[in-house]
Amino acid sequence: MKKKRKLIAVLPTLLTLGNAACGFGAITYAAKVGPEYLGQAATGGGLTRMLGTTPGLFNSFDNQHLFIAAVLIFVAMLFDALDGSAARWTNQTSEFGAQLDSLCDAISFGIAPAFLMLQMVQFRTDYHPRLLWVIALLFAVCTILRLARFNVETDEEDSHEGFSGLPSPAAAGAVASFPIAMRGLYKLAETEPGSFSQSVAQWLIPAVEWSLPWITFTLAALMVSRIRYMHVFNQLFTGQRSRRHVIQLVFSIALIFLVQELAIPVLFCYFAFSSPIRAFWEEVLSGRLYKSKQI
């Protein structure tokens, strides 16, 4: 008796594979083996045609490959957000789609950000290469563990109001936001010599490069933690919310408008680190209250 052939949902599958393609593209661009890099090497064009010919450090080829790799990770986040929605809208959710989504997420939100961090930091700081390699490896491994735990603990009917542990797309976005912010810092570094903005940029550029490995390490630990994180879209854009949520949304939009690229790591790091800080503070307060009751 022939087995019934299983059908595959076309649109959600293509969106999920688009996620993987962006992750692969991010790795190749960070490694300087992307198609635009090969075009640059062969003809002197490539990235120049794609990004313009504005002179300066922020638009130099040595920095733009990291910028493009980071942007591709964010495009992968868009595909990741769309594939699940497309599967639910077309009533085509399946175990195959869930497993494929996790495999693609491991590439785009685990391996690609870890490699991007390595490429951004290894030649610009004095950290030992083995330390950076171990941090990158831990980030990739913790992403895979986070995805596996999500698969076994989440039902199809889950409302996704919150997550146990930092979601892997948010962790990847936090790492990828720094190369994008560096583009803005390089712009500020090229302003009028001796200006306040130039001084701030010259201080922030090495500070970001030195702090990124430790931020990556902390993000890896938060992914496998049990700290509760809210689902940003569901919490801020669906249903009726408190005035505090609306104020946070307004200030986030104002921050993006004001400082543009520099706002991205601020917002991602706020999301990643505000929950553990809040949980720690609540533990401290509950401990004090408990002790006071015993007295």
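Treat the numbers as computed from the prediction; the structure is a model and nothing was measured.

A. Fine view of the overall build of the chain. Across its full length, the chain holds eleven helices and two strands. By the burial criterion, 43% of the 295 residues in the chain qualify as buried. Once local pairs closer than 6 in sequence are excluded, the contacts in the chain between residues at least 24 apart make up 77%. Accessible area of the chain: about 17,200 Å², with a carbon and sulfur share of 67%.

B. Focus on a nonpolar patch on the surface. Taken together, Leu-131, Trp-133, Val-134, Leu-137, Leu-138, Val-141, Leu-145, Trp-214, Phe-217 and Val-224 make up a surface patch of nonpolar side chains, about 860 Å² in accessible area. For the nonpolar patch, the leading source of residues is helix α6 (residues 129-153), giving seven residues.

C. Quick peek at the packing of aromatic side chains. By the definition in use, this model includes five aromatic pairs. Relative to Phe-268, the ring of Phe-74 has its centre 5.5 Å away and its plane inclined at 75°; by these criteria the two rings are edge-to-face. Taken together, the residues span a long stretch of sequence, with Phe-74 in helix α4 (residues 61-89) and Phe-268 in helix α11 (residues 263-294) at a distance of 194 residues. Residue classification places Phe-268 among the buried positions, given a relative accessible area of 19%. Taken together, the ring pairs connect Tyr-127, Trp-210 and Trp-214 into an aromatic cluster. Here the guanidinium or amino end of Arg-183 rests over the ring plane of Phe-67, the centre of that ring lying 4.6 Å away.

D. Main features of helix α8 (residues 196-223). Here α8 is 28 residues long and its end C-alpha atoms lie 37 Å apart, about the 40 Å a rise of 1.5 Å per residue gives. The largest bend in α8 is about 40°, located at Ser-211, with the proline Pro-213 one to four residues further on.

E. Examining the pattern of salt bridges more closely. By the definition in use, this model includes three salt bridges. Where Arg-124 meets Glu-209, a salt bridge forms, and the shortest distance between an N and an O atom there is 3.6 Å. Residue Arg-124 is located in the loop between α5 (95-121) and α6, and its partner Glu-209 is located in helix α8; the two are separated by 85 residues in the primary sequence. Residue Arg-124 is classed as partly exposed on the basis of its relative accessible area of 27%. For Lys-187, the salt bridge identified is with Glu-261, shortest N-O distance 3.3 Å. In this pair, Lys-187 is assigned in helix α7 (residues 168-189) and Glu-261 in the loop between α10 (243-259) and α11, connecting sequence segments 74 residues apart.

F. Fine view of unusual backbone geometry. At Lys-32, a residue that is not glycine, the phi angle is positive and equals roughly 65°. Relative to the elements of secondary structure, Lys-32 occurs in the loop between α1 (10-30) and α2 (35-43).

G. Looking closely at the nonpolar core. Counting residues in hydrophobic clusters, the biggest one holds 54 residues, and the most contacted among them are Leu-116, Met-120, Phe-139, Leu-166 and Leu-219. Those elements that provide at least two residues to this core are α1, α4, α5, α6, α7, α8 and α11. Ranked by residue count, the leading element in this core is α7, at twelve residues. Leave out the neighbours within four places in its chain, and Leu-219 touches Phe-139, Leu-166, Ala-171, Ala-174, Val-175, Ala-272 and Phe-273.

H. Layout of the packing of α5 against α6. Packing of α5 against α6 brings their axes to within 9 Å, and their N-to-C directions diverge by 165°. Here α5 is positioned roughly antiparallel relative to α6, judged by the angle of their axes. In the packing of α5 onto α6, the handedness of the crossing is right-handed. Across the contact of α5 with α6, the residue classes tally to 17 nonpolar, five polar and one charged.

I. Summary view of the confidence of the model for the chain. When pLDDT is averaged across the chain, the result is 81; 78% of the residues are at 70 or more. When mean pLDDT is compared element by element in the chain, α6 scores highest at 94, while helix α3 (residues 47-51) scores lowest at 44. pLDDT under 50 marks residues 46-61. Its contacts with residues more than four places away, or in other chains, come to 34 contacts.

J. Geometry of the environment of Thr-93. Positionally, Thr-93 belongs in the loop between α4 and α5. Note on Thr-93: relative accessible area 43%, which makes it partly exposed. With 81 residues separating them in the primary sequence, Thr-93 and Pro-12 have C-alpha atoms 8.6 Å apart.

K. Summary view of the side chain of Arg-149. Inspection of the secondary structure assignment puts Arg-149 in helix α6. No salt bridge is formed by the buried Arg-149; the nearest opposite charge belongs to Glu-153, separated by 4.2 Å. What Arg-149 contacts, discounting residues up to four positions off in sequence, is Ser-164, Gly-165, Met-223, Val-224, Ser-225 and Arg-226.

Definitions and cut-offs
Residue indices follow the written sequence of each chain, beginning from 1 at its first position. A pLDDT threshold of at least 70 governs which residues receive local features in this predicted model, and a stricter bar of 80 or more applies before side-chain atom pairs are shown or counted, although totals over entire chains, interfaces and linings include all residues. Computation of side-chain values covers all heavy atoms of the structure but excludes hydrogens and water. By definition, any uninterrupted DSSP run of H or I lasting at least four residues is a helix, any uninterrupted run of E lasting at least two residues is a strand, and each is numbered from the N terminus. The cut-offs for exposure are 20% and 50% of the maximum accessible area for each residue type, with area from a 1.4 Å probe on protein chains only; residues under the lower value are buried, those over the upper are exposed, and the others partly exposed. Whether two residues are in contact is decided by their heavy atoms, any of which lying within 4.5 Å being enough. All accessible-area figures derive from a Shrake-Rupley calculation using a 1.4 Å probe, and residue coverage is judged against the displayed protein chains alone. Each patch groups residues whose relative accessible area exceeds 30% and which form no salt bridge, using 9 Å between like charges and 5 Å between nonpolar side chains of Val, Leu, Ile, Met, Phe, Trp and Tyr. Salt bridges, as used here, are contacts in which a Lys or Arg side-chain nitrogen is within 4 Å of a carboxyl oxygen on Asp or Glu. Within 6.5 Å between ring centres, the rings of Phe, Tyr and Trp (the latter by its six-membered ring) count as paired, and their orientation is classed by plane angle as stacked under 30 degrees, edge-to-face over 60, tilted in between. Lysine NZ or arginine CZ positioned within 6 Å of the ring centre and within 35 degrees of the ring normal marks a charge as sitting over the ring. Expected span, for any helix, means 1.5 Å times one less than how many residues it has. The angle between axes fitted to the seven-residue stretch ending at a residue and the seven-residue stretch beginning at it gives the bend at that residue. The term nonpolar core refers to a set of buried residues drawn from Ala, Val, Leu, Ile, Met, Phe, Trp, Tyr and Cys, joined through side-chain atoms within 4.5 Å. With axes taken as lines fitted to C-alpha atoms, and helix axes fitted only over the stretch in contact, angles between N-to-C directions fall between 0 and 180 degrees. In this scheme, roughly parallel covers angles under 35 degrees and roughly antiparallel covers those over 145, while 65 to 115 is roughly perpendicular and the rest are oblique. If you view the pair so one helix is near and one far, a crossing is left-handed when the near helix is turned anticlockwise from the far one by less than a right angle, and right-handed when it is turned clockwise. Amino acid classes used here: Ala, Val, Leu, Ile, Met, Phe, Trp, Tyr, Cys and Pro are nonpolar; Asp, Glu, Lys and Arg are charged; the rest, including Gly, are polar. For every residue, the predictor reports its confidence as pLDDT, a number between 0 and 100. Charged-residue counts in this description rest on Lys and Arg as positive and Asp and Glu as negative, His and the chain ends being excluded.

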